[in-house]
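Structure assessment
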Amino acid sequence: MSDLIVNGGKPLTGTIRPSGNKNSVLPMLCASLLTDEPVRLLNVPVITDVEKLVTFFREQGSRITWDKPAGTIAIDHTSFDPRRLEGELPTGMRSSVLLFAPLLQRLKKITLPTNAKGCSLGIRELDPHLEILEALGAKISHHGDLTLRLAKRFRGARHWPDYMSVTATENFVMAAAMADGESTLLHAASEPPVQDLCTMLVAMGARISGIGTSKLTVEGGTRLRGGTFPINTDYHEVVTFLALGAITGG
């Protein structure tokens, strides 16, 4: 192991272009499954989890064009083939749970293989997501493998989770946008990534009120369209560079 040597005491100055928010791009990528119209994302960060989702989409037959230097991804799910999915979601990324709502809408059934240690995604981590999907009409069974079923469409419902979860809130708005009737989530997370996903869904045609608050109401049943959507900058990265400049007198 080599030593890390830092010669400090020098002002940091310069110009940077902040990366896209990784916590926004992942749910927005998953939301692209809610339409067969072309979706284009801008300011996409080059991170491992995006690579995994892009690979997953391509394995199911979707056409993806990722221009990494330009930071753009063009997505076309018209050739998405549900017969290719054999239960395995992208591994090693917690955000795989964000595929639940859009995949259920498309496939009507998802089976997640389990072993002696339980589901690879962690059953306890899945509970808030499963409770929301079940409230919106999905059927959950866990006899060996974990199976999620949806008869036809999600149905509108009112739900109050035990705690605020960003990813569970994101699953709610994706499912509710496709549901029959109105859905309300109380105790909803309101962080910027949730707002970014909601803004994208509204631009696609969804009807969502309460964005940025702890109460989200979604009027479902609208056919979602495609479009071009920017990924907002990573505010953590922005603040970090601002702080580095400030504390060094740059």
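The following refers to the structure shown.

Cut-off values and rules
- Residues numbered from 1 in each chain as written.
- Predicted model: local features only at pLDDT ≥ 70, side-chain atom pairs only at ≥ 80, totals over all residues.
- Heavy atoms only, no water.
- 1 Å grid on protein atoms, 1.4 Å probe; cavity = no way out; pocket = protein on both sides within 12 Å on 5 of 7 lines; lining within 4 Å.
- Points joined across faces, edges and corners; volume = space filled by probe spheres on them.
- Helix = DSSP H or I, 4+ residues; strand = E, 2+ residues; numbered from the N terminus.
- Nonpolar A, V, L, I, M, F, W, Y, C, P; charged D, E, K, R; others polar.

**Considerations on the layout of surface pockets**
By volume, the largest pocket amounts to about 530 Å³. Considering the residues around the largest pocket, the lining is formed by 24 residues, among which Asn23, Arg94, Ser95, Val166 and Thr167 are closest to the centre. It is helix 1 (residues 22-31) that contributes the most residues to the lining of the largest pocket, four residues altogether. Grouping the amino acids of the lining of the largest pocket by side-chain chemistry returns 12 nonpolar, six polar and six charged. Within this model, the second largest pocket holds a volume of roughly 220 Å³. Lining the second largest pocket, in full, are Leu12, Thr13, Gly14, Ile16, Pro18, Val238, Phe241, Leu242, Leu244 and Gly245.

**Examining empty space enclosed by the protein**
Inspection of the entire model under this criterion finds one cavity of 30 Å³ or more. The volume enclosed by the largest cavity comes to roughly 30 Å³. For the largest cavity, the full set of lining residues is Ala189, Ser190, Val194, Gln195, Cys198, Ile211, Gly212, Thr213 and Leu216. Per-element accounting of the lining of the largest cavity gives the leading share, three residues, to helix 6 (residues 192-203). Of the residues belonging to the lining of the largest cavity, the class tally is five nonpolar, four polar and no charged.

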